[in-house]
Amino acid sequence: MVDTSLLFLRICLLLIGVLIIVPGALLILSLRDIDENNMDSYDRFYGISDDGRTRGVFGTIYDSEGRADAWATFTDHNPHWSKG
């Protein structure tokens, strides 16, 4: 037999987690300012978006000719696209 107070506590913790984590994640995602090249304000501030660079879906940085820029991708410290 399951203790009803323990079950109630688990349901409350689950609801609190959902009511805090989901809106918090949506708020953080809505604060990003992304342009048509998938670059955000961090990229513009540090000059990553200069020279016609774009960013792929998984954060890969491409040069103006469409080639992946491996050095820029792996040395990038943008917190929204961090690999590690």
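Residues numbered from 1 in each chain as written. Predicted model: local features only at pLDDT ≥ 70, side-chain atom pairs only at ≥ 80, totals over all residues. Heavy atoms only, no water.

1. Some details on unusual backbone geometry
At N38, a residue that is not glycine, the phi angle is positive and equals roughly 65 degrees. At D51, a residue that is not glycine, the phi angle is positive and equals roughly 65 degrees. Here D51 is to be found in the loop between α2 (41-45) and β1 (54-55). (Helix = DSSP H or I, 4+ residues; strand = E, 2+ residues; numbered from the N terminus.)

2. Some remarks on the packing of aromatic side chains
The geometry of an aromatic ring pair is captured by two quantities: the separation of the ring centres and the angle between the planes. Following the criterion strictly, the structure yields 2 aromatic pairs and no others. Ring geometry for Y42 versus Y46: centroids 4.8 Å apart, planes at 45 degrees, classification tilted. When its relative accessible area of 53% is taken as the criterion, Y46 is described as exposed. An angle of 85 degrees between the planes, with centres 4.9 Å apart, marks the rings of F45 and Y46 as edge-to-face. For the pair F45 and Y46, one class covers both residues: exposed. Clustering of aromatic rings is evident, with ring pairs tying together Y42, F45 and Y46. (Phe/Tyr/Trp six-rings, centres within 6.5 Å; stacked < 30°, edge-to-face > 60°. Buried < 20%, exposed > 50% of the residue type's maximum accessible area, 1.4 Å probe, protein only.)

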